[in-house]
Amino acid sequence: MKSKNIYSLPIEIKNEVIAISDVRVHYGIVKHALDFPLKKNISILSTQLGKVIRVEDDATKGGDDEKYVAPEYQNNIVIKHANDEYTESIHLDYKSALVKEGDFVKKGQPIAKGVGMVGYTTELHLHFVVFRLVDNEYNFESIPITWEKGLVIEKQKNQFFLQLKFKKLIDK
């Protein structure tokens, strides 16, 4: 079931934005997650109106060791939206949060200063997921995202990943 809410991108579009869903890491309950390769200091945005329910930005370490999957290495922001849907932005840089728990955010509002080499990662990127709460071992599952109109999405598949190119539709 796709998201009932309509979401904007978690970063600003200049010309085009690339996101990747890699089946080697995005499977099971996070199969609909997307990774946005980014440089440092690119603002992370709220993708929909909502209430901030979790902010973690104290972690400083990360890398290609599975120990970095543990919660103490995950800098993230979770926002609750209408229709019992949630978004989570992960791999945020140390002390980069611009919001706190309990804040209400608007679509497009900056929520973090950028990403860092924090958590289980080998490169700078934003791990973004829309999810709902369910009765399973982890208490959540990702759902396919309904994107706002005006985004053109080109998909390119290979054996391991789906690459999406997002562009804004230009009115003429």
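The preceding data block contains the structure.
Residues numbered from 1 in each chain as written. Predicted model: local features only at pLDDT ≥ 70, side-chain atom pairs only at ≥ 80, totals over all residues. Heavy atoms only, no water.

Participant: Any chance you could break down the overall build of the protein chain for me, citing the residues and the numbers?
Facilitator: Regarding its fold elements, the protein chain presents zero helices and 16 strands. A compact globule built from 172 residues should have a C-alpha radius of gyration of about 16 Å, and the protein chain, at 15 Å, falls within 12% of that. If one aligns the C-alpha atoms of the protein chain with their principal axes, the spans along those axes are about 50 × 40 × 35 Å. For the protein chain, the share of sequence-separated contacts (at least 6 apart) that also reach a separation of at least 24 residues comes to 67%. Surface summary for the protein chain: the accessible area is close to 10000 Å², and the carbon and sulfur share equals 50%. (Helix = DSSP H or I, 4+ residues; strand = E, 2+ residues; numbered from the N terminus. Rg over C-alpha atoms; globule rule 2.2 N^0.38 Å. Contact = heavy atoms within 4.5 Å. Areas by Shrake-Rupley, 256 points an atom, 1.4 Å probe, with all protein chains shown as cover.)

Participant: Requested: an account of the side chain of Ser46, with residues and values cited.
Facilitator: In this fold, Ser46 is placed in the loop between β4 (44-45) and β5 (50-56). Within the structure, Ser46 has its side chain in polar contact with the backbone oxygen of Gln48 (distance 2.8 Å). In terms of polar contacts, Ser46 uses its side chain to reach the backbone carbonyl oxygen of Lys106, at 3.4 Å. For Ser46, the contacting residues outside a window of four places in its chain are Ser8, Ile79, Val105, Lys106, Lys107, Gly108, Gln109 and Ile111. (Polar contact = N/O pair within 3.5 Å; in protein donor to acceptor, adjacent residues only side chain to side chain.)

Participant: Could you give me a rundown of the packing of aromatic side chains, with the residues and numbers involved?
Facilitator: Following the criterion strictly, the structure yields five aromatic pairs and no others. When the centroid spacing of 5.2 Å and the interplanar angle of 65 degrees are considered together, the rings of Phe131 and Phe140 count as edge-to-face. The pair formed by Phe131 and Phe140 is uniform in burial state, with each residue classed as buried. Members of the aromatic cluster, connected to one another through ring pairs, are Phe36, Trp147 and Phe166. One cation-aromatic arrangement involves Arg24 over Phe160; the distance from NZ or CZ to the ring centre is 4.5 Å. (Phe/Tyr/Trp six-rings, centres within 6.5 Å; stacked < 30°, edge-to-face > 60°. Buried < 20%, exposed > 50% of the residue type's maximum accessible area, 1.4 Å probe, protein only. Lys NZ or Arg CZ within 6 Å of the ring centre and 35° of its normal.)

Participant: Explain the pairing of strand β16 (residues 161-168) residue by residue, including any values.
Facilitator: Where strand β2 (residues 17-22) meets β16, six bridges bridge the pair, whose relative direction is antiparallel. Note on β16: the bridge partner recorded for Ile18 is Lys165. Of the strand pairs in this sheet, strand β15 (residues 151-157) and β16 are connected by seven bridges, and their pairing is antiparallel. Each bridged residue has a counterpart across the sheet, and for Ile153 the counterpart in β16 is Phe166. (Pairing = 2+ DSSP bridges.)

Participant: Give a description of unusual backbone geometry that names residues and reports values.
Facilitator: The phi torsion of most residues other than glycine is negative, and most of the peptide bonds are trans. A positive phi is found at Asn83, a non-glycine position, where the angle reads about 60 degrees. Within the element layout of this structure, Asn83 appears in the loop between β7 (76-81) and β8 (85-90). Positive phi, close to 55 degrees, is recorded for Lys95, a residue that is not glycine. Lys95 gets classed as partly exposed once you look at its relative accessible area, which sits at 43%.

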